[in-house]
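Given next are the chains, with one letter for each unit.
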Amino acid sequence: DARVTQTPRHKVTEMGQEVTMRCQPILGHNTVFWYRQTMMQGLELLAYFRNRAPLDDSGMPKDRFSAEMPDATLATLKIQPSEPRDSAVYFCASGPRGVSYNEQFFGPGTRLTVL
Amino acid sequence: AQSVTQPDIHITVSEGASLELRCNYSYGATPYLFWYVQSPGQGLQLLLKYFSGDTLVQGIKGFEAEFKRSQSSFNLRKPSVHWSDAAEYFCAVGAQFLAGTASKLTFGTGTRLQVTL
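Residues numbered from 1 in each chain as written. Chains lettered and ligands numbered in written order. Predicted model: local features only at pLDDT ≥ 70, side-chain atom pairs only at ≥ 80, totals over all residues. Heavy atoms only, no water.

Novice: Looking at this structure, I do not really get the overall build of chain B. What am I missing?
Specialist: Along its length, chain B carries zero helices and 12 strands. Tracing chain B from N to C terminus, the helices and strands come up as β-β-β-β-β-β-β-β-β-β-β-β. Reported as C-alpha extents along the three principal axes, the dimensions of chain B are approximately 45 × 30 × 25 Å. Expressed as a percentage of the 117 residues in chain B, the buried residues total 47%. Look at the contacts in chain B between residues 6 or more apart in sequence, and 56% of them connect residues 24 or more apart. Surface exposure of chain B reaches about 5,400 Å², of which carbon and sulfur atoms provide 49%. Charge-centre separation for chain B: the mean point of 9 positive side chains lies 7 Å from the mean point of 8 negative side chains. (Helix = DSSP H or I, 4+ residues; strand = E, 2+ residues; numbered from the N terminus. Buried < 20%, exposed > 50% of the residue type's maximum accessible area, 1.4 Å probe, protein only. Contact = heavy atoms within 4.5 Å. Areas by Shrake-Rupley, 256 points an atom, 1.4 Å probe, with all protein chains shown as cover. Lys, Arg positive; Asp, Glu negative; His and termini not counted. Charge placed at Lys NZ, Arg CZ, Asp CG, Glu CD.)

Novice: Just to check I follow, could you spell out unusual backbone geometry for this structure?
Specialist: A negative phi angle is the norm for most residues apart from glycine, just as the trans form is the norm for most peptide bonds. Residue and element names in this part refer to chain A. Cis geometry marks the peptide bond from Thr7 to Pro8; its omega dihedral reads -10°. As for its placement among the helices and strands, Pro8 is situated in the loop between β1 (5–7) and β2 (10–13). Going from Gln80 to Pro81, the amide bond is cis rather than trans, its omega being -5°. One can find Pro81 in the loop between β8 (74–79) and β9 (88–95). In this structure, Asn51 takes a positive phi of about 50° despite not being glycine. Summarising the element assignment, Asn51 is placed in the loop between β5 (42–50) and β6 (53–56). Take Asn51: its relative accessible area is 40%, and that puts it in the partly exposed class.

Novice: So what exactly am I meant to see when it comes to the environment of Leu74(A) here?
Specialist: All names here are of chain A. Tracing the backbone through its elements, the reader meets Leu74 in strand β8. Judged by relative accessible area, Leu74 falls into the partly exposed class, the value being 25%. Counting along the chain gives 14 residues from Leu74 to Met60, while the straight-line C-alpha distance between them is 19 Å. Not counting residues up to four positions away in its chain, the partners in contact with Leu74 are Arg22, Cys23, Pro25, Glu68 and Met69.

Novice: So what exactly am I meant to see when it comes to the sheet that holds β8(A) here?
Specialist: Through backbone hydrogen bonds, the strands of a sheet pair up, either in parallel or in antiparallel fashion. Residue and element names in this part refer to chain A. With antiparallel pairing, four strands are arranged side by side in an open sheet as β1-β3-β8-β7. Taken across any chain shown, the strands that pair with only one partner, and hence form the sheet edges, are β1 and β7 (65–71). Between one strand axis and the next, the sheet turns through 20° on average, direction left out of account. (Pairing = 2+ DSSP bridges. Axes fitted to C-alpha atoms, helices over the stretch in contact; angles between N-to-C directions.)

Novice: How should the state of the cysteines be read in this particular structure?
Specialist: Structurally, a disulfide amounts to a covalent bond that connects the sulfur atoms of two cysteines. Applying the stated criterion across every chain, the model contains two disulfides over all chains. The disulfide partner of Cys23(A) is Cys92(A), and the gap between their sulfur atoms is 1.9 Å. Taking the sign of the torsion about the S-S bond as the criterion, the disulfide between Cys23(A) and Cys92(A), at about -60°, is left-handed. In this pair, Cys23(A) is assigned in strand β3 (residues 19–24) and Cys92(A) in strand β9, connecting sequence segments 69 residues apart. Between the sulfur atoms of Cys23(B) and its disulfide mate Cys91(B) the distance is 1.9 Å. The S-S bond linking Cys23(B) to Cys91(B) shows a torsion near -65°; that makes this disulfide left-handed. A residue pair is termed long-range when its members are at least 10 positions apart, and Cys23(B) in the loop between β3 (19–21) and β4 (24–26) and Cys91(B) in strand β10 (residues 87–95) qualify at 68 residues. What makes Cys91(B) buried here is its relative accessible area of 0%. (Disulfide = S-S within 2.5 Å.)

Novice: Is there a simple way to explain the pairing of strand β9 (residues 73–78) of chain B in this structure?
Specialist: A regular strand places its side chains on the two faces of the sheet in alternate fashion. All names here are of chain B. Among the six residues of β9, five are classified as buried, and the element is accordingly described as predominantly covered. Taken together, the three bridges between β3 and β9 define a ladder with antiparallel strand orientation. Bridge pairing links Leu21 to Leu76 in β9. Pairing of strand β8 (residues 64–68) with β9, which is carried by five bridges, proceeds in the antiparallel orientation. Across the sheet, the residue bridging to Lys68 is Ser73, located in β9. Connecting β8 to the next strand, β9, in antiparallel fashion are four residues, including Ser72 with a positive phi near 50°.

Novice: Is there a simple way to explain the nonpolar core in this structure?
Specialist: Within soluble globular proteins, side chains that are nonpolar tend to cluster in buried spots. All names here are of chain B. Counting residues in each nonpolar core, the largest one holds 26 residues, and the members touching the most others are Leu19, Trp35, Leu47, Leu48, Phe74, Leu76 and Tyr89. For this core, the elements supplying multiple residues, two or more each, are β2 (10–14), β3, β5 (32–38), β6 (44–50), β8, β9, β10 and β12 (111–116). Ranked by residues supplied to this core, first place goes to β10 with four residues. Excluding residues within four positions of it along the chain, Leu48 makes contact with Leu33, Phe34, Trp35, Val57, Gln58, Gly59, Phe63, Glu64, Ala65, Phe74 and Leu76. (Core = buried A, V, L, I, M, F, W, Y, C linked by side-chain atoms within 4.5 Å.)

In structure tokens:
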């Protein structure tokens with residue numbers, strides 16, 4: 001049963017620390033998305049990769065957030081320095097090759113708390 | 001730019017009763033429409049999707065949705081709700097970004113479903 005995996009599942013850190021979240025997309029999928037979910041803003045798209053190349057990161061605060069895909073099996077989202085307002089659940093999703101109406105498959109999320 | 005409105009933040013139904021969750025979208029072309037469900041502490045799971053053809057779409061867990069272009073709606077329905085259906089439901093509209101890839105999704109704010117026994 002192919003699934004998107006995310007690590008860590010929970011992270012508590014102090015303001016100013018670097019946070020790295022990792023995602024392993026489903027093997028063979030060529031698109032990866034990072035979302036942030038908060039009570040106030042709902043689900044927001046942060047970044048979008050196709051074939052490891054970033055296509056759209058307009059939803060991401062550039063001064064502190066960065067997203068990369070070092071290889072096809074790993075996507076990372078980093079926050080440096082972290083702030084309390086970054087507390088949220090961060091989801092990774094991957095999408096298969098093919099038509100644009102293919103659905104995205106979501107991972108279980110990383111719950112980040114910044115104190 | 002596309003947008004999605006889910007007017008009901010919270011809905012409570014009795015087990016066995018019928019359910020309809022509302023979704024209205026705004027998009028200039030023919031949209032790709034999705035319904036996802038999120039159980040507490042979990043990621044999102046796809047219930048169903050629409051991209052063309054028959055406007056009544058069947059999904060998993062007994063859910064269905066009907067695309068109505070004239071009303072810009074894609075409401076989710078279930079004839080008889082089970083207690084295990086209690087969750088948060090998200091409607092999303094997809095826009096083709098690049099051919100051959102999954103589309104960018106814009107999500108609604110979600111509807112939390114509570115089921116009473």
